Amino acid sequence: MKPYYDVIIVGGGASGIGIGSILQEMGCEHFVILEKGEIGASFRNWPQEMRFITPSFPAQGFGQTDLNAIAPKTSPAYTLDEEHPTGVDYAQYLELIADHFELPVEENTTVYSVVKNSDGFEVSISKGDISSRFLIWAAGEYQYPNRKPFPGAELALHSSEVKSWADIIESEHLIIGGYESGMDAAYQLCSRGAKVKVLAKTNTWEFDHSDPSVSLTPYTYGRIRKLEDPEKLELIGNTEAVHMYQEDGKYAVKTADNKVYYSDTKPILATGFTGSTSLLGDLVTRGDHGKVLLTEDDEVVKTPGLFLAGPEVRHDSHVFCYIYKFRQRYAVVAKAIADNLQLDQSILEQYRQENFILDDLSMCGERCQC
């Protein structure tokens, strides 16, 4: 007979490990975490030079939890001795959390399909078929880049495909996208002596907003301001790329205002991610922002029993695209499942004391506005 679980979690990153640790502490005995690679695979795939833009600081002993922690009383800064960890560093932190809680993680396990039936979910994986009563989708975004934001964009190199910026040796570059990944790429290339143009639909570098989901973070601002030769960076705002093609051996990028920018080297896309929920097909419906419609418990409106966790969670104007934001929804999901499975919820008091629960979105305010 196929294995049956109370809960299947898809994804062994921050959200999968984070929610798994709560379920373990609640006494859930029959759940599994499926990870198609290694724990923290998305973080391991970051460019070698990429760092967390949210700072880690070991102040949890004084009631101020590390912004990048996924479980109370833990701190990546304390564990890794890094304020801005690399992706590989952070994956090590996730491994330590998984080991500490003895989480049932199945690595190198690919999910092929998810089917909803009257009893729950049938999940086809590389190791056979399994089923569950509940399913938590925590597969993230990074491994699902938006490579085709406009016609011809497939000619470019997406920033997530870069293993190290030291491998990009050309002297001039054109970057499409002005948010964090685009500006990080610009910084890395300019720091190596290259000349860079950034085409951005929105002038993120001019926004003065408290929410880093909307404007650039101080960490990014600071690095750009301190470039040794700031003239190597040209920021071109209010400019939307709509078409890319090749002309006379060059790459040409046409914009919405009918201007054309040329590059001798392959342009770099920093256009974000389609996200893993694109794999869920007709199990989900989407709202005005193209995000999955969820209940107040982050349960998918169209498919009861299916929950979403991670950077794709969105409620109207509230955006949960940073760890310190979406980790506050882990306990919300875990509580909804615990109510049904009659699990011990006493651990939730600690999560509330450590500010790891945001279950009243009316309190979110401008911290999460888009």
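Just above sits the structure.
Residues numbered from 1 in each chain as written. Predicted model: local features only at pLDDT ≥ 70, side-chain atom pairs only at ≥ 80, totals over all residues. Heavy atoms only, no water.

Focus: the pattern of salt bridges
Pairing is possible between side chains of opposite charge, provided their charged atoms come close.
Then comes step 1: This model, assessed by the stated rule, comprises 12 salt bridges.
Then comes step 2: The partner of E95 in a salt bridge is R44, and the shortest N-O contact between them spans 3.0 Å. A residue pair is termed long-range when its members are at least 10 positions apart, and E95 in helix α4 (residues 87–100) and R44 in helix α2 (residues 41–44) qualify at 51 residues.
Then comes step 3: Given a relative accessible area of 29%, E95 falls into the partly exposed group. (Salt bridge = Lys/Arg side-chain N within 4 Å of Asp/Glu carboxyl O. Helix = DSSP H or I, 4+ residues; strand = E, 2+ residues; numbered from the N terminus. Buried < 20%, exposed > 50% of the residue type's maximum accessible area, 1.4 Å probe, protein only.)

Re the environment of R225
Then comes step 1: When you line up the elements, R225 lands in helix α6 (residues 218–225).
Then comes step 2: Its relative accessible area of 64% is what places R225 among the exposed residues.
Then comes step 3: The spatial distance from the C-alpha of R225 to the C-alpha of Y187 is 9.7 Å, given a sequence separation of 38 residues.

Observations regarding the pairing of strand β5 (residues 120–125)
Side chains on a regular strand alternate between the two faces of the sheet.
Then comes step 1: Here strand β4 (residues 111–117) pairs with β5 via six bridges, running antiparallel. What sits directly across from V115, in β5, is E122.
Then comes step 2: The turn linking β4 back onto β5 is made up of two residues.
Then comes step 3: In the sheet, β5 pairs with strand β6 (residues 128–137) via five bridges, with the strands oriented antiparallel. Counterpart to E122 in the pairing with β6 is S131.
Then comes step 4: The antiparallel hairpin formed by β5 and β6 contains two residues in its connecting segment. (Pairing = 2+ DSSP bridges.)

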